[in-house]
Amino acid sequence: MSENEPAAAPPGDEQPRSIHLTDPRALRAYAHPTRMTLVGLLRRTGPFTATRAAELTGESVASCSYHLRILAKYGLVEEAPGGRGREKPWRATALYTDWPGGSEDAAVAQAADALTAAAAERYFARVLEAMKDRSGLPREWREAEQFGDSLLYLTPAELADFGRRVEELLLPYETRGSDPSLRPDGARPVSILRIAYLDRELPDETGLESAANGAVDEVDAADVTDDDTGATDGVDTTDDDTGATDGVDTDNDDTNIDDTGTTGGIDEGER
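Quick look at the structure, then. (Residues numbered from 1 in each chain as written. Predicted model: local features only at pLDDT ≥ 70, side-chain atom pairs only at ≥ 80, totals over all residues. Heavy atoms only, no water.)

### Some details on the overall build of the chain
Next, step 1: In terms of regular secondary structure, the chain is built from 9 helices and 4 strands.
Next, step 2: Listed by position from the N terminus, the elements making up the chain come as β-α-α-α-α-β-β-β-α-α-α-α-α.
Next, step 3: Buried residues in the chain amount to 35% of all 271 residues.
Next, step 4: When the accessible surface of the chain is summed, it comes to about 16,200 Å², and 52% of that surface belongs to carbon and sulfur atoms. (Helix = DSSP H or I, 4+ residues; strand = E, 2+ residues; numbered from the N terminus. Buried < 20%, exposed > 50% of the residue type's maximum accessible area, 1.4 Å probe, protein only. Areas by Shrake-Rupley, 256 points an atom, 1.4 Å probe, with all protein chains shown as cover.)

As structure tokens, then:
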């Protein structure tokens, strides 16, 4: 899984293409709407300080500073050069974030699924937000936008190959994210969601569901201890170095990002 968010890397400062999260603590920490928003914004408009982050997201400076430190802890952001005093700028460490689509480790599998669900919520919140103002778009953009779905009968190998072929179609356009000189006249940022999943609404003809059910109890027993998620799993999360409770209002989720990257992410989306 991944969350895509083409980064605006400065010339001569090439970033790694992707950061791969496998630690359950990192996966759970990133599954926080404010943190996904911050990473997406840094990839598109960074570097910036916690003060600027607060202006962009509507969060407090203390909250943004806390979340940026948590992101740095797991390698998703880092301090950028050029800071003065306490106003240190931050930047994203990679163009995309990705995480396992599955794992034999129950804790990793559960945390990865939770992050995928969080990224999906962000993706579709942004789609709905875009639909609100769609009537104001020029006619050529309204007609060019894509919205639809298909039902295909595929093997796992065919689905994986399909994903690689879609990735190949997108690759030639990626460099435009970091190099504006490559963008033709009239080019604007377009978010493309890539989601393909096993459709469980149709009757199972392979016995796959019954085989999968045997692993449910093991996954449900995965460890969900304190993990920098910003939520309380029976753990005191008030000590966050900000002088305030880490009860950040997660409803205040700027959906201009990710853009998402992918998210992040939806790097996400890939993220």
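### Topic: helix 5 (residues 106-132)
Next, step 1: The end-to-end C-alpha separation of helix 5 is 40 Å, in line with the 39 Å expected for 27 residues at 1.5 Å each.
Next, step 2: Buried residues of helix 5: Ala 106, Ala 107, Val 108, Ala 109, Ala 111, Ala 112, Leu 115, Ala 118, Ala 119, Arg 122, Tyr 123 and Arg 126, and no others.
Next, step 3: Of the residues flanking the start of helix 5, the one acting as N-cap is Asp 105, its side-chain oxygen 2.9 Å from the backbone nitrogen of Ala 107. (Expected span 1.5 Å × (residues − 1). Polar contact = N/O pair within 3.5 Å; in protein donor to acceptor, adjacent residues only side chain to side chain.)

### Details of the environment of Ala 112
Next, step 1: Topologically, Ala 112 is positioned in helix 5.
Next, step 2: Note: C-alpha distance between Ala 112 and Gly 102 (10 residues apart in sequence) is 7.5 Å.
Next, step 3: Once you skip the residues sitting within four places of it in the chain, Ala 112 turns out to touch Leu 27, Trp 99 and Pro 100. (Contact = heavy atoms within 4.5 Å.)

### A few points about a nonpolar patch on the surface
Next, step 1: Nonpolar side chains collect at one region of the surface, where Phe 124, Leu 193, Ile 195 and Tyr 197 lie side by side and expose about 430 Å² of accessible area between them.
Next, step 2: Here Phe 124 is to be found in helix 5.
Next, step 3: A residue is classified by how much of its surface remains accessible, and Phe 124, at 44% relative accessible area, is partly exposed. (Patch = residues over 30% accessible without salt bridge, like charges linked within 9 Å, V, L, I, M, F, W, Y side chains within 5 Å. Salt bridge = Lys/Arg side-chain N within 4 Å of Asp/Glu carboxyl O.)

### Some thoughts on the packing of helix 2 (residues 33-45) against helix 3 (residues 50-57)
Next, step 1: Put simply, helix 2 and helix 3 touch, their axes get as near as 11 Å, and they point 105° apart. On the basis of the axis angle, helix 2 is roughly perpendicular to helix 3. Only Ala 53, Leu 56 and Thr 57 of helix 3 make contact with helix 2, whose side of the interface consists of Thr 37, Leu 38, Leu 41 and Thr 45.
Next, step 2: In terms of residue class, the contact of helix 2 with helix 3 is built from 4 nonpolar, 3 polar and no charged. (Axes fitted to C-alpha atoms, helices over the stretch in contact; angles between N-to-C directions. Parallel < 35°, antiparallel > 145°, perpendicular 65-115°, else oblique. Nonpolar A, V, L, I, M, F, W, Y, C, P; charged D, E, K, R; others polar.)

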